[in-house]
Amino acid sequence: MVTALAQAFYDDPVLGWFLPDDARRMRQLESLFGYFGEKVWFALDETYTTAMAAGAAVWMPPDTWRVGVWDQVRMLPGMASAIGLRGIPRVLRGFNLMESKHPHDRHYYLPLIGVRPEWQGRGLGTALLLPVLERCDRDKMPAYLEATTPRNLACYQRNGFEVTQEFVLPDGPPMWPMWREPR
């Protein structure tokens, strides 16, 4: 599942900004996603995948999206191991910018969803969204994510998300925070 996510995000412009070395990016993505999975995401029990692990959606329930300052400090050695010490300032700058745009109303947060390139365009991304979006609708809970490409922005719009703003990473690509009201 972590490898599928790394493959899905290898050519993503935002992840390319975070991890600019093409030769190291795949290993860094696998390490970073595995580390965040172990330390933050998987314990929340809201990660969904396909039978063949062609893709995955990592959700965070309401009130769990913020990683506190002390937790970030404790995670620095693992992040440095995953991406290299020189990459830490860039990653933290990007994460802090993203967090500054994050809404504070209660919501489900989708920090990561991806499908292996050879499986893209077959509806798997939408299928991975549905379990939590259906719960959001049933429980009257909004959802939030950040789109990183026009293609995934369009997929999220088809599933009820609306762009709240556009921001640009320093000397980097745009991102689109998106919010979905329950249906």
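Everything that follows concerns the structure shown earlier in this document.
Given the structure is predicted, the values throughout are model-derived calculations rather than measurements.

(A) Summary view of the overall build of the protein. Summing up its helical and strand segments, the protein has seven helices and seven strands in all. Each helix and strand of the protein, placed in order from N terminus to C terminus, yields the pattern α-α-α-β-β-α-α-β-α-β-α-β-β-β. In terms of overall dimensions, the protein is globule-like: its C-alpha atoms have a radius of gyration of 15 Å, near the 16 Å expected for 183 residues. Once the C-alpha set of the protein is aligned to its principal axes, its extents read approximately 45 × 35 × 30 Å. In the protein, which comprises 183 residues, the proportion classed as buried is 50%. Contacts in the protein between residues at least 24 apart in sequence constitute 70% of all its contacts with a sequence separation of at least 6. As presented, the protein carries roughly 9,200 Å² of accessible surface, and 55% of it is formed by carbon and sulfur atoms.

(B) Looking closely at the environment of Pro61. Examined against the element boundaries, Pro61 turns out to sit in the loop between β2 (55-60) and α4 (69-83). The sequence separation of Pro61 and Tyr108 amounts to 47 residues, and the corresponding C-alpha distance is 4.8 Å. Beyond its immediate stretch of four places on either side in the chain, Pro61 contacts Leu44, Glu46, His107 and Tyr108.

(C) Here's a closer look at a nonpolar patch on the surface. Taken together, the side chains of Val69, Trp70 and Val73 make up a nonpolar region of the molecular surface, amounting to roughly 360 Å² of accessible area. As for its position among the elements, Val69 is in helix α4.

(D) A look at the layout of surface pockets. One number sums up the size of the largest pocket: a volume of about 600 Å³. In terms of lining, the largest pocket is formed by 26 residues, of which the most central are Gly114, Val115, Gln120, Arg151 and Asn152. Of all the secondary structure elements, the ones that give two or more residues to the lining of the largest pocket are α1 (2-9), β3 (108-115), α6 (124-139) and α7 (150-158). Tallying contributions element by element places α7 first for the lining of the largest pocket, with five residues. Here the residues of the lining of the largest pocket are counted per class, giving eleven nonpolar, ten polar and five charged. Taken together, Phe18, Leu19, Pro20, Asp21, Arg24, Gln28, Ile83, Gly84, Arg86, Gly87 and Arg90 form the lining of the second largest pocket. Grouping the amino acids of the lining of the second largest pocket by side-chain chemistry returns four nonpolar, three polar and four charged.

How each quantity is defined
- Residues numbered from 1 in each chain as written.
- Predicted model: local features only at pLDDT ≥ 70, side-chain atom pairs only at ≥ 80, totals over all residues.
- Heavy atoms only, no water.
- Helix = DSSP H or I, 4+ residues; strand = E, 2+ residues; numbered from the N terminus.
- Rg over C-alpha atoms; globule rule 2.2 N^0.38 Å.
- Buried < 20%, exposed > 50% of the residue type's maximum accessible area, 1.4 Å probe, protein only.
- Contact = heavy atoms within 4.5 Å.
- Areas by Shrake-Rupley, 256 points an atom, 1.4 Å probe, with all protein chains shown as cover.
- Patch = residues over 30% accessible without salt bridge, like charges linked within 9 Å, V, L, I, M, F, W, Y side chains within 5 Å.
- Salt bridge = Lys/Arg side-chain N within 4 Å of Asp/Glu carboxyl O.
- 1 Å grid on protein atoms, 1.4 Å probe; cavity = no way out; pocket = protein on both sides within 12 Å on 5 of 7 lines; lining within 4 Å.
- Points joined across faces, edges and corners; volume = space filled by probe spheres on them.
- Nonpolar A, V, L, I, M, F, W, Y, C, P; charged D, E, K, R; others polar.

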